[in-house]
Amino acid sequence: ELQLLETDSILAEKGIMVEKGKNVEAFLLVKVEGVDPTLADNASYAALATKYAVGAPMWISNSVKVEIYEARGLRNSDLVGKQTPYVTIEIEGKPKTISTSTLGDHPKDPKWNFTAQVGGYQLGDAMRFTVYDMDPGKPDSVLGWATLTAEQVKAGFLGELQLLDAGRSIEA
């Protein structure tokens, strides 16, 4: 069952309650389908990981369906030229799980309508979303980021995430 959260989860964890749209400037609208592997699934995955492990954790092909709809309120990080935003989705602590969206259609309020199956999910994993501006010839600029907690990923999420280190008043 999907939850539409009315407060920002990252700030709520720190004891700061902020209503959606108040005192914040940039948002990312996403949908994550909830995942709840059974105990038998987890035992099977653990057995496979033990059998095939070679010093590094094995990521089982569990995946989470993620949809990136749009962002609003992004700052302009380009002094010259047009900003070209995109989003990366990553299961925290698992860099091999990164999925990258298509380029957005608008520099400050882009729409993506992008869907990805993010592999490597295990119960207890959080998910990080980072919005970048593609900068040919130099490192891409971070326009903001947000994290869904493990509980939100498991339950499913549909709503706006406040992007941290973002917004029109933040300098690139």
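Residues numbered from 1 in each chain as written. Predicted model: local features only at pLDDT ≥ 70, side-chain atom pairs only at ≥ 80, totals over all residues. Heavy atoms only, no water.

Chemist: What is the right way to look at the overall build of the chain in this model?
Modeler: Counting its secondary structure elements, the chain contains three helices and eight strands. When the elements of the chain are put in sequence order from the N terminus, they spell out α-β-α-β-β-β-β-β-β-α-β. Residues classed as buried in the chain amount to 44% of the 172 residues present. In the chain, of all internal contacts separated by at least 6 residues, the share reaching a separation of at least 24 is 69%. Surface accessibility of the chain: about 9,200 Å² in total, with carbon and sulfur atoms responsible for 54%. (Helix = DSSP H or I, 4+ residues; strand = E, 2+ residues; numbered from the N terminus. Buried < 20%, exposed > 50% of the residue type's maximum accessible area, 1.4 Å probe, protein only. Contact = heavy atoms within 4.5 Å. Areas by Shrake-Rupley, 256 points an atom, 1.4 Å probe, with all protein chains shown as cover.)

Chemist: Is there a simple way to explain the sheet that holds strand S8 (residues 157-162) in this structure?
Modeler: Consider a sheet: its strands pair through backbone hydrogen bonds, and that pairing is either parallel or antiparallel. The strand order across the open sheet built from four strands is S5-S2-S1-S8, with neighbouring strands paired in antiparallel fashion. Looking at strand neighbours, the two that pair on one side only are strand S5 (111-119) and S8, the edges of this open sheet. Averaged over all pairs of adjacent strands, the angle between their axes in this sheet comes to 25°, without regard to strand direction. As paired strands, strand S2 (residues 63-72) and S5 are joined by seven bridges and run antiparallel to one another. Looking at S5, one finds that Ser 63 is bridged to Gly 119. (Pairing = 2+ DSSP bridges. Axes fitted to C-alpha atoms, helices over the stretch in contact; angles between N-to-C directions.)

Chemist: Where do I start with the nonpolar core in this structure?
Modeler: One broad rule of soluble globular proteins: the nonpolar side chains tend to lie buried together. The biggest cluster of nonpolar side chains holds 28 residues, and the ones touching the most others in it are Leu 28, Val 66, Ile 68, Ile 89, Met 127 and Phe 129. Secondary structure elements with two or more residues in this core: strand S1 (27-32), S2, strand S3 (85-91), S5, strand S6 (127-133), strand S7 (141-148) and S8. Discounting residues that sit within four places of it in the chain, Leu 28 has contacts with Ile 68, Glu 70, Ala 71, Val 87, Trp 112, Phe 129, Val 131, Gly 159, Glu 160, Leu 161 and Leu 163. (Core = buried A, V, L, I, M, F, W, Y, C linked by side-chain atoms within 4.5 Å.)

Chemist: In this structure, what is going on with the sheet that holds S3? I would like to understand it.
Modeler: What the four strands build is an open sheet, ordered S4-S3-S6-S7; its pairing is antiparallel. Each of the sheet's edge strands pairs with one partner strand only, and the pair in question is strand S4 (99-100) and S7. Direction of pairing for S6 relative to S7: antiparallel, over a ladder of seven bridges. If you follow Asp 133 over to S7, its bridge partner there is Ser 141.

Chemist: Honestly, the pairing of S6 in this entry has me stumped. Any pointers?
Modeler: As a general feature of sheets, a regular strand has side chains that alternate between the two faces. By the criterion of burial, S6 is predominantly enclosed, with five of the seven residues buried. As judged from the seven bridges shared by S3 and S6, these two strands associate in the antiparallel manner. Residue pairing for S6: Ile 91 is matched across the bridge by Met 127.

Chemist: What should I look at first to understand the pattern of salt bridges in this one?
Modeler: Pairing of side chains with opposite charge becomes possible as their charged atoms draw close. For the structure on display, the rule yields six salt bridges. In this structure, Lys 111 and Glu 70 form a salt bridge, with 3.3 Å as the shortest nitrogen-oxygen distance. With Lys 111 in strand S5 and Glu 70 in strand S2, the pair connects residues that are 41 residues apart, well separated along the chain. Salt bridges linked by common partners bring Lys 31, Glu 33, Lys 65 and Glu 67 together as one network. (Salt bridge = Lys/Arg side-chain N within 4 Å of Asp/Glu carboxyl O.)

Chemist: Please clarify how unusual backbone geometry should be interpreted in this entry.
Modeler: Working note: non-glycine residues mostly have negative phi, and peptide bonds are mostly trans. If you check the backbone angles, Asn 113 has positive phi at about 50° while not being a glycine. Counting through the fold element by element, Asn 113 comes out in strand S5. What makes Asn 113 exposed here is its relative accessible area of 59%.

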